[in-house]
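A closer look at the structure
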Amino acid sequence: MNTFTSSRRPALLRWAMALLAGLTLAACDPQAISELEEGVSTEADVRERFGAPEAVWEGPDGAQIYEYNRQPAGHRNYMITIGADGKMSALRQVLTPENFARVEVGMPMEAVRRMLGKPMKITPYELKRETHYDWRYLDGPNTSDSKIFTVVFDSDFKVLSTGSVIDPALHPN
(Lines give C-alpha, C1' and ligand atoms only; values in the text may rest on other atoms or scores of the structure.)
Protein backbone atom coordinates (compact mmCIF):
# COMPACT_ATOMS: atom_id res chain seq x y z
CA MET A 1 0.00 0.00 0.00
CA ASN A 2 1.22 3.49 -0.81
CA THR A 3 2.37 5.21 2.41
CA PHE A 4 1.25 8.65 1.22
CA THR A 5 -2.23 7.35 0.45
CA SER A 6 -2.64 5.48 3.73
CA SER A 7 -1.34 8.42 5.80
CA ARG A 8 -3.74 10.84 4.07
CA ARG A 9 -6.77 8.56 4.42
CA PRO A 10 -7.74 9.65 7.99
CA ALA A 11 -7.55 13.34 7.02
CA LEU A 12 -9.63 12.76 3.89
CA LEU A 13 -12.15 10.72 5.86
CA ARG A 14 -12.48 13.50 8.46
CA TRP A 15 -12.92 16.08 5.68
CA ALA A 16 -15.58 13.96 3.94
CA MET A 17 -17.45 13.43 7.20
CA ALA A 18 -17.34 17.17 7.98
CA LEU A 19 -18.65 17.93 4.49
CA LEU A 20 -21.49 15.43 4.89
CA ALA A 21 -22.36 16.81 8.33
CA GLY A 22 -22.37 20.36 6.94
CA LEU A 23 -24.64 19.40 4.08
CA THR A 24 -26.97 17.54 6.44
CA LEU A 25 -27.17 20.55 8.77
CA ALA A 26 -27.78 22.94 5.89
CA ALA A 27 -30.60 20.75 4.59
CA CYS A 28 -32.28 20.86 8.03
CA ASP A 29 -31.95 24.64 8.47
CA PRO A 30 -35.11 25.73 6.56
CA GLN A 31 -37.29 23.40 8.64
CA ALA A 32 -35.63 24.43 11.91
CA ILE A 33 -36.06 28.11 11.01
CA SER A 34 -39.73 27.64 10.12
CA GLU A 35 -40.35 26.08 13.55
CA LEU A 36 -38.99 29.10 15.43
CA GLU A 37 -40.82 32.37 16.04
CA GLU A 38 -39.25 35.63 17.23
CA GLY A 39 -40.56 36.70 20.64
CA VAL A 40 -42.10 33.27 21.28
CA SER A 41 -39.43 30.58 20.85
CA THR A 42 -37.12 30.01 23.81
CA GLU A 43 -33.40 29.31 24.12
CA ALA A 44 -34.32 25.63 24.64
CA ASP A 45 -36.31 25.67 21.36
CA VAL A 46 -33.30 27.11 19.50
CA ARG A 47 -30.88 24.56 20.98
CA GLU A 48 -33.31 21.71 20.24
CA ARG A 49 -33.45 22.64 16.56
CA PHE A 50 -29.91 23.93 15.97
CA GLY A 51 -27.86 22.21 18.68
CA ALA A 52 -25.00 23.80 20.57
CA PRO A 53 -23.77 27.09 19.07
CA GLU A 54 -20.28 27.47 17.58
CA ALA A 55 -19.80 30.57 19.74
CA VAL A 56 -21.83 32.70 22.13
CA TRP A 57 -21.36 36.48 21.92
CA GLU A 58 -22.51 39.07 24.45
CA GLY A 59 -25.26 41.28 23.05
CA PRO A 60 -26.92 44.49 24.22
CA ASP A 61 -29.10 44.60 27.36
CA GLY A 62 -28.07 41.16 28.60
CA ALA A 63 -28.83 39.37 25.33
CA GLN A 64 -26.69 36.54 24.01
CA ILE A 65 -25.98 35.98 20.33
CA TYR A 66 -25.59 32.34 19.29
CA GLU A 67 -23.44 31.65 16.25
CA TYR A 68 -24.37 28.70 14.05
CA ASN A 69 -21.72 28.14 11.42
CA ARG A 70 -22.35 26.27 8.16
CA GLN A 71 -18.84 26.71 6.72
CA PRO A 72 -16.86 25.26 4.94
CA ALA A 73 -19.43 23.24 2.97
CA GLY A 74 -22.43 25.53 3.43
CA HIS A 75 -23.17 29.03 2.23
CA ARG A 76 -24.72 30.46 5.38
CA ASN A 77 -23.87 31.45 8.93
CA TYR A 78 -26.67 32.22 11.37
CA MET A 79 -26.70 34.57 14.35
CA ILE A 80 -29.61 33.94 16.72
CA THR A 81 -30.23 36.47 19.48
CA ILE A 82 -31.60 35.24 22.80
CA GLY A 83 -32.92 38.12 24.91
CA ALA A 84 -32.41 38.51 28.64
CA ASP A 85 -35.93 37.04 29.02
CA GLY A 86 -34.71 33.75 27.44
CA LYS A 87 -36.72 34.23 24.22
CA MET A 88 -35.40 34.40 20.68
CA SER A 89 -35.55 38.00 19.51
CA ALA A 90 -33.77 37.65 16.15
CA LEU A 91 -32.59 35.00 13.70
CA ARG A 92 -30.52 36.18 10.76
CA GLN A 93 -28.32 34.73 8.05
CA VAL A 94 -25.24 36.97 8.12
CA LEU A 95 -23.31 36.10 4.93
CA THR A 96 -24.88 38.81 2.79
CA PRO A 97 -23.54 41.57 0.53
CA GLU A 98 -25.08 44.10 2.95
CA ASN A 99 -23.01 42.75 5.86
CA PHE A 100 -19.89 42.49 3.70
CA ALA A 101 -20.27 46.20 2.87
CA ARG A 102 -20.12 46.95 6.62
CA VAL A 103 -16.57 45.56 6.86
CA GLU A 104 -14.28 48.61 6.84
CA VAL A 105 -10.54 49.14 6.56
CA GLY A 106 -9.01 49.22 10.06
CA MET A 107 -11.78 47.14 11.66
CA PRO A 108 -10.42 44.57 14.14
CA MET A 109 -10.66 40.87 13.32
CA GLU A 110 -12.91 40.11 16.31
CA ALA A 111 -15.51 42.64 15.09
CA VAL A 112 -15.53 40.99 11.66
CA ARG A 113 -15.74 37.55 13.24
CA ARG A 114 -18.71 38.63 15.39
CA MET A 115 -20.44 40.07 12.33
CA LEU A 116 -19.90 37.18 9.88
CA GLY A 117 -19.19 34.12 12.02
CA LYS A 118 -16.38 31.66 11.67
CA PRO A 119 -14.78 31.66 8.21
CA MET A 120 -14.49 28.57 6.04
CA LYS A 121 -10.73 29.06 5.69
CA ILE A 122 -7.94 31.10 7.27
CA THR A 123 -4.75 31.48 5.26
CA PRO A 124 -1.66 33.18 6.72
CA TYR A 125 0.83 34.74 4.29
CA GLU A 126 3.93 35.12 6.47
CA LEU A 127 6.10 36.96 3.93
CA LYS A 128 3.38 39.53 3.20
CA ARG A 129 2.48 39.73 6.90
CA GLU A 130 -1.18 39.19 6.01
CA THR A 131 -3.89 36.74 6.92
CA HIS A 132 -6.86 36.05 4.65
CA TYR A 133 -10.25 34.95 6.02
CA ASP A 134 -12.63 33.40 3.46
CA TRP A 135 -16.39 32.82 3.68
CA ARG A 136 -18.44 30.90 1.09
CA TYR A 137 -21.80 32.52 0.31
CA LEU A 138 -24.57 32.60 -2.30
CA ASP A 139 -24.97 35.69 -4.45
CA GLY A 140 -28.24 34.41 -5.92
CA PRO A 141 -30.74 31.59 -5.46
CA ASN A 142 -28.67 28.68 -6.87
CA THR A 143 -25.50 26.89 -5.82
CA SER A 144 -24.06 28.04 -9.17
CA ASP A 145 -24.17 31.55 -7.59
CA SER A 146 -21.56 30.52 -5.01
CA LYS A 147 -18.86 33.10 -4.25
CA ILE A 148 -16.04 33.57 -1.79
CA PHE A 149 -15.81 36.75 0.30
CA THR A 150 -12.27 37.45 1.52
CA VAL A 151 -11.10 39.82 4.24
CA VAL A 152 -7.38 40.59 4.27
CA PHE A 153 -5.94 41.41 7.70
CA ASP A 154 -2.55 42.95 8.49
CA SER A 155 -0.16 41.57 11.11
CA ASP A 156 -2.17 43.36 13.84
CA PHE A 157 -5.39 41.68 12.57
CA LYS A 158 -6.90 44.92 11.30
CA VAL A 159 -8.75 44.91 7.96
CA LEU A 160 -6.61 45.94 4.98
CA SER A 161 -9.08 45.10 2.20
CA THR A 162 -12.02 42.94 1.14
CA GLY A 163 -13.24 41.34 -2.06
CA SER A 164 -15.42 38.67 -3.62
CA VAL A 165 -14.69 36.16 -6.36
CA ILE A 166 -16.59 33.34 -8.02
CA ASP A 167 -16.19 30.18 -5.94
CA PRO A 168 -13.24 28.23 -7.43
CA ALA A 169 -15.00 24.99 -6.43
CA LEU A 170 -17.49 25.65 -9.25
CA HIS A 171 -14.69 25.33 -11.81
CA PRO A 172 -12.14 22.90 -10.35
CA ASN A 173 -10.02 22.81 -13.55
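Quick summary incoming for the structure in this document. All of these numbers come straight from a predicted model, not from anything done at the bench.

1. Considerations on the overall build of the protein chain
- Within the protein chain one finds four helices and eight strands.
- Going from N to C terminus, the protein chain has its helices and strands arranged as α-α-β-β-β-β-α-α-β-β-β-β.
- Looking at the protein chain as a whole, 36% of its 173 residues qualify as buried.
- The contacts in the protein chain between residues at least 6 apart in sequence include a share of 38% that link residues at least 24 apart.
- For the protein chain, the accessible area works out to roughly 10,300 Å², and carbon and sulfur atoms hold 56% of it.

2. Some words on the nonpolar core
- The biggest cluster of nonpolar side chains holds 14 residues, and the ones touching the most others in it are Val103, Val112, Leu116, Trp135, Phe149, Val151 and Val159.
- The set of elements that each furnish at least two residues to this core consists of α4 (109-116), β6 (130-138) and β7 (146-153).
- Those residues in contact with Phe149, other than ones at most four positions away along the chain, are Phe100, Val103, Leu116, Tyr133, Asp134, Trp135, Tyr137, Thr162, Gly163 and Ser164.
- Formed by eleven residues, the second largest nonpolar core is a distinct cluster that contains Ala32, Phe50, Tyr68 and Tyr78.

3. Looking at the sheet that holds strand β2 (residues 64-69)
- Here four strands make up an open sheet; going across it, the order is β1-β2-β3-β4 and the pairing antiparallel. In this open sheet, the two strands that pair with only one neighbour each are β1 (55-58) and β4 (88-93). Each strand axis lies, on average, 20° off the axis of its neighbour in the sheet, ignoring direction.
- Sheet analysis places β1 next to β2, joined by four bridges and oriented antiparallel. Residue pairing across strands places Ala55 opposite Glu67, the latter belonging to β2.
- Contacts from α4 reach β1, β2 and β3 (77-82), with the element oriented near 85° to β3.

4. Observations concerning the pairing of β3
- In terms of burial, β3 is a largely internal element, six of the six residues being buried.
- On β3, burial covers both faces: Asn77, Met79 and Thr81 on one face and Tyr78, Ile80 and Ile82 on the other are all buried.
- One ladder, built from six bridges, connects β2 with β3; its direction is antiparallel. Along β3, the bridge assignment pairs Tyr68 with Tyr78.

Criteria and thresholds
Residues numbered from 1 in each chain as written. Predicted model: local features only at pLDDT ≥ 70, side-chain atom pairs only at ≥ 80, totals over all residues. Heavy atoms only, no water. Helix = DSSP H or I, 4+ residues; strand = E, 2+ residues; numbered from the N terminus. Buried < 20%, exposed > 50% of the residue type's maximum accessible area, 1.4 Å probe, protein only. Contact = heavy atoms within 4.5 Å. Areas by Shrake-Rupley, 256 points an atom, 1.4 Å probe, with all protein chains shown as cover. Core = buried A, V, L, I, M, F, W, Y, C linked by side-chain atoms within 4.5 Å. Pairing = 2+ DSSP bridges. Axes fitted to C-alpha atoms, helices over the stretch in contact; angles between N-to-C directions.

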